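# Observations on chain architecture
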Amino acid sequence: MRCDSPSNSPLNHAPNAWALIPLLVFLLTYLVVSILAGDFYKMPITVAFVISSVVAIAISKGGKLSNRIEQFCRGAANSNIMLMVLIFILAGAFAQTAKAMGAVDATVNLAMSILPGNLLAAGIFLAACFISISVGTSVGTIVALAPVAVGIADKTGMPDALMLGVVVSGAMFGDNLSFISDTTIVATRTQGCNMNDKFKVNIRIALPIAIITGIIYVLVGSGIDSNYTAGAIEWTKVIPYLVVLVAAICGVNVMLVLFIGILLSGIVGLLTGGFDIWGWTASMGLGITNMGELIIVTLLAGGMLEMIRYNGGIDWIILKLTSRIHSSKGAEMSIAALVSFANLCTANNTIALIMAGPIAKDIADRFKVDPRRSASILDIFSCFIQGIIPYGAQLLMASGLGQVSPLEIMQYLYYPYLLGFGALLAILSGYPKKYSNMVSTK
């Protein structure tokens, strides 16, 4: 996801650990309560964010209450947040229109006629990897594949959350490795290395993890016993999805891609009798309405996380991390922790990289960490965290399109978890050895 500066505010306060309390309150009220209750729907994510947002405003150092509320609203109305909201609106309209006119069923039949049942999960993962590395955006990949994945899950008896986890996992693979991904661009620019050099380090860690993840999804799919027989492929109804995928791969703006998808789905639906003009508008309205919770969460998260940044929460983390470095390996661990905490507090891996990149560069230079390696560590850990936080755009989008709790999807995010673990092992072992010492990148 491409983004602008996280805040329009000209002032930041000194590093302050107390600024992180709203994030802790959210994690306790949503994650911990849901896990203890054994029910992912006991605590609505919207309520958890309302509680943490109230705490954020209450403890802020922004002066009068009216000033603190205004600061919160600036975070919620940030251009990056509003862009996400617009994408969610268009995605909801496209998903529901395509479903109403039969595009999802037609595409599911196409997928199931090509792949045997035990390879469907692995096949969707491979497709998500290919699309995401081609388009450089995880959100665009999720928009394109999530409805199809849920359709396959419904027909085969696989959990919806599993198939959505497959899509998110594949989407994060490309977000991390693509040459046109904004995370790759920011990571390499801040560390002063070429994209292809960073890719050579990154692929040695990410590709084995992707292969292991694919094998896991094959094993998971092998237990699926489905009596569903794929019907005849209605190619006309598949056209909207094919056009959306091709347009996305060609690098067309995600909002334009979604608009084209809505238009094509509506035209095909009218021509095939899937609905009339009022049925089309009703489908779009229902799709947008279904995204209501997702939009509310996005706005509340934007405001709360801006309050954390404004009051010095991220600066406090940076100060603590950079004061405890004694070796190159410690420097690499600090870079990983730095971008991970920044991502937790911003829910946007690009913003986290923009904030952490210059500091990581200073750490890398001081402790002789190869810039190709520091860029790879930054990108990997930002994508690892972004792929697993329940309030990030990726999980929220998948949750909204699949009508499934983000916490349910989290248990199937094999690739992000393994990527984080694999990257940690790479730091501890110095793998790949070729890039473990400072080497000129010119």
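The text that follows walks through the structure, step by step, so that each part is easy to find. (Residues numbered from 1 in each chain as written. Predicted model: local features only at pLDDT ≥ 70, side-chain atom pairs only at ≥ 80, totals over all residues. Heavy atoms only, no water.)

### Quick word on the overall build of the protein chain
Counted only if it meets this: Numbering goes from the N terminus for both helices and strands, where a helix is a DSSP run of H or I of at least four residues and a strand is a run of E of at least two. Radius of gyration here is computed from C-alpha atoms only, and the compact-globule reference equals 2.2 Å multiplied by the residue count raised to the power 0.38. Only protein chains enter the accessibility calculation, which uses a 1.4 Å probe; a residue whose area is less than 20% of its type maximum is buried, one above 50% is exposed, and one in between is partly exposed. All accessibility values rest on the Shrake-Rupley procedure with a 1.4 Å probe; residue burial counts only the protein chains present in the view.
Helix and strand counts for the protein chain stand at 21 helices and 0 strands. Its C-alpha atoms give the protein chain a radius of gyration of 22 Å, within 12% of the compact-globule value 22 Å for 442 residues. Its C-alpha atoms give the protein chain principal-axis dimensions of roughly 65 × 55 × 40 Å. Going through the 442 residues of the protein chain one by one, you find that 57% of them count as buried. Working note: accessible area of the protein chain is about 17500 Å², and carbon and sulfur atoms make up 68% of it.

### With respect to the packing of aromatic side chains
Here the distance between the centres and the angle between the planes together describe a pair of aromatic rings. Rules: When two rings of Phe, Tyr or Trp (its six-membered ring) have centres within 6.5 Å they constitute a pair, described as stacked for plane angles under 30 degrees, edge-to-face for angles over 60, and tilted for the intermediate range.
Evaluation of the coordinates by the stated rule reveals 10 aromatic pairs. When the centroid spacing of 5.2 Å and the interplanar angle of 90° are considered together, the rings of phenylalanine 26 and tyrosine 391 count as edge-to-face. Within this pair, whereas phenylalanine 26 is found in helix H1 (residues 21-37), its partner tyrosine 391 is found in the loop between helix H18 (371-386) and helix H19 (393-402), the two being separated by 365 residues in sequence. With a relative accessible area of 0%, phenylalanine 26 lands in the buried category. On the basis of relative accessible area, tyrosine 391 is assigned to the buried category, the value being 3%. Among the aromatic residues, ring-to-ring pairing joins Phe125, Phe173, Tyr217, Tyr412, Tyr414 and Tyr415 into one connected group.

### Structural notes on the nonpolar core
Our working definition: For our purposes a nonpolar core is just a set of buried Ala, Val, Leu, Ile, Met, Phe, Trp, Tyr and Cys residues, chained together by side-chain atoms within 4.5 Å. Contact criterion: two residues are considered in contact whenever any of their non-hydrogen atoms come within 4.5 Å of each other.
Phe49, Ile152, Phe381 and Met397 are the most contacted members of the largest nonpolar core, which totals 136 residues. Here the element with the most residues in this core is helix H4 (residues 79-101); it accounts for 12 residues. When residues no more than four places from it in sequence are discounted, the contact partners of methionine 397 are Ile87, Phe88, Ala91, Val139, Ile142, Val143, Met291 and Leu294.

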